[in-house]
Amino acid sequence: MKIIKKAKERTKEDNRALRQIVADMIDDVCENKDAALAKYNQRFDQCERDSLRISPEEIQDAYRQITPEELDDLKAAKANIEKFAIAQRGTMTELDQFSPQPGIFLGHRIIPVSSCCCYVPGGGYPLYSSALMLIVPAKVAGVKRIAACSPTVKGASKIHYKTLVAMDLAGADEIYAVGGAQAIAAFSYGTETIKPVDVIVGPGNQYVAEAKRQCYGQVGIDFIAGPSEVLIIADGTADSKTLAADLLAQAEHDPNAKGILVATDEALAHAVIKDVETALSTLPTAEIARKSWEDYGEVVLADSLDEAIQMANDYAPEHLEINVADNDAIIEKLYNYGSLFIGGNTAEVFGDYASGTNHTLPTVKAARYTGGVWVGTFLKTCTHQSMTTQASQTIAPLVARMARGEGLEGHARAADARKADPATGKTGA
């Protein structure tokens, strides 16, 4: 392995200050409810709204602002996301009357959560694509109450019209003009206006991520996300300009975003670096993208394709692209990634917007233990069982012995209550 472009080391930050700020905000929302939300709306977004909930009239106004082409684009993207979510839901089947031994019947049901909040970031860009990615699978899952929220455009009192239309088109039942850690607190604990939910999903800044961490348990979450990242495995057959474009697409997200190229061909590695510099000269978002690339962009020359695969599995990237002569031959060897993009035709940005897979994905190595948001995020697999009298009497002695082995006499007696009386054949301790 040879490092051709080294990334700056991510130092272990002391986040005590962040944790305390967020904890104080959560406490404030729990105590002061809507008044706290209004205060933070004004402080962070210069929003002076009287009502947190978006009205039907505001939604209608957003539809009047959107162009026919913009609306058609949202509908086309939604259709692909929805079709894939429906197909995923079809793979999750209910199980009933499974019998591990005579007279015992086991099963499970697939049950949607009752309510969720889909957090759609605002920040520097109107990320209306996230509204589709979060709300559509929740709708397909059958969630009865889907709330959505997003910060308003800074200095205004409205959510960006494209985001608002996307939320409505995707199927949100309630929409609120609130963002940040305060929004996570509100949907976790409730306020006068906002009823708490069962699950909160969606990306956000470090304050949102920390609030999700602190509120987890009170509410379910998808995962705690960090800066966006892409890792590309490529050999000499790949096109350097295409790879450079994909790296910069990730870099323009955030100065802390990370783009990594693991190449098996040194000439390709140097060509990509050159093409990144050329592309930056005309990229409108170059101020952000250049800082991301200079600080966290990395180019590594692997000694072999197997070494490149191992590096990808060790890093567990949010987005993983493979662009080699025989992509199919390596897919089964890759197991730690948020989403996989196979071949030069399959741009990661296609998944960001419209191809159908979800773009809300695990970062900072969370792909080692979880995938991204999908229809299953909003579903619970809940087991059930029933037994005949004979099966109950047959298993009771086993359970009673195991319970007494653990010192739990009450458990044992509950099992004994099902045992048959040798004299009468009836149950009872």
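Going by the structure above, here's the rest.
Bear in mind that the values here come from a model prediction, so they are computed numbers and not experimental data.

Cut-offs used in this document
All chains use their own residue numbering, which begins from 1 and follows the written sequence. Local features in a predicted model are, by the rule used here, given only for residues with pLDDT of at least 70; side-chain atom pairs are given and counted only at 80 or more, and totals for whole chains, interfaces and linings are based on all residues. Side-chain figures throughout are based on the complete set of non-hydrogen atoms in the structure, without hydrogens or water. Cysteine sulfur atoms that come within 2.5 Å of each other are treated as a disulfide pair. Type-normalised accessible area, obtained with a 1.4 Å probe on protein chains alone, sets the label of each residue: buried when under 20%, exposed when over 50%, and partly exposed for intermediate values. Two strands pair if DSSP finds at least two bridges between them. Here a strand is any run of E in DSSP of at least two residues, a helix any run of H or I of at least four, and the numbering for each starts at the N terminus. Here the axes come from fitting lines to C-alpha atoms, over the contacting stretch only for helices, and the angles between their N-to-C directions go from 0 to 180 degrees. Only heavy atoms matter for contacts: two residues are in contact if any of them lie within 4.5 Å across the pair. Two rings from Phe, Tyr or Trp (for Trp, the six-membered ring) form a pair when their centres are within 6.5 Å of each other. A pair whose planes differ by under 30 degrees is stacked, one over 60 is edge-to-face, and the rest are tilted. Charge-over-ring placement is defined geometrically: NZ (Lys) or CZ (Arg) within 6 Å of the ring centre, and within 35 degrees of the ring normal.

Peer 1: How would you sum up the state of the cysteines? Please name residues and give values.
Peer 2: Throughout the structure, instances matching the rule amount to 0 disulfides. Counting only cysteine sulfurs, Cys 149 is the nearest neighbor of Cys 47, a cysteine outside any disulfide, at a range of 13 Å. Residue Cys 47 is classed as buried on the basis of its relative accessible area of 3%.

Peer 1: Tell me what's going on with the sheet that holds strand β13 (residues 339-342), and back it up with residues and numbers.
Peer 2: The strand order across the open sheet formed by 6 strands is β1-β11-β10-β9-β12-β13, and the pairing between neighbours is mixed. Edge positions in the sheet fall to β1 (2-5) and β13, since each has one partner strand and no second. Pairs of neighbouring strands in the sheet enclose a mean axial angle of 20°, with direction left out of account. The pairing of strand β10 (residues 258-263) with strand β11 (residues 298-301) spans 4 bridges and is classified as parallel. Within β11, the residue paired with Ile 260 across the bridge is Glu 298. Against the sheet, helix α10 (residues 266-280) contacts β1, β9 (229-234), β10 and β11, and its axis sits at roughly 20° relative to β1. Packed onto the sheet, helix α12 (residues 305-315) meets β9, β10, β11 and β12 (319-323) and runs at close to 170° relative to β9.

Peer 1: Which residues make up the side chain of Glu 298, and what are the values?
Peer 2: Examined against the element boundaries, Glu 298 turns out to sit in strand β11. In this structure Glu 298 comes out as buried when scored by relative accessible area, which is 17%. Apart from the residues lying within four places of it in its own chain, the contact partners of Glu 298 are Ile 3, Lys 5, Ala 7, Lys 258, Gly 259, Ile 260, Leu 261 and Trp 293.

Peer 1: I'd like to hear about the sheet that holds strand β5 (residues 145-150), residue by residue, with values.
Peer 2: Strands sit in the order β6-β5-β4-β7-β8 across an open sheet of 5 strands; the sheet is parallel. Of all the strands in the sheet, the pair left with one neighbour each is β6 (174-177) and β8 (220-221). Looking at chain direction, strand β4 (residues 115-119) and strand β7 (residues 199-201) are connected through 3 bridges and run parallel. Paired with Cys 116 across the bridge in β7 is Val 199.

Peer 1: Break down the packing of aromatic side chains for me, with residues and values.
Peer 2: The full count for this structure, using the stated rule, is 2 aromatic pairs. Look at Tyr 40 and Phe 44: their rings are 5.9 Å apart centre to centre, the planes differ by 10°, and that puts the pair in the stacked class. Taken as a pair, Tyr 40 and Phe 44 lie in helix α2 (residues 34-45) at a separation of 4 residues, close to a single helical turn. Aromatic side chains Tyr 176 and Phe 187 sit 5.6 Å apart centroid to centroid with 70° between the ring planes, which places their arrangement in the edge-to-face category. Note that Tyr 176 is positioned in strand β6 and Phe 187 in helix α7 (residues 180-189), a separation of 11 residues in sequence. Like Phe 187, Tyr 176 is buried. When the ring centre of Trp 293 is taken as reference, the NZ or CZ atom of Lys 5 above it lies at 4.9 Å.

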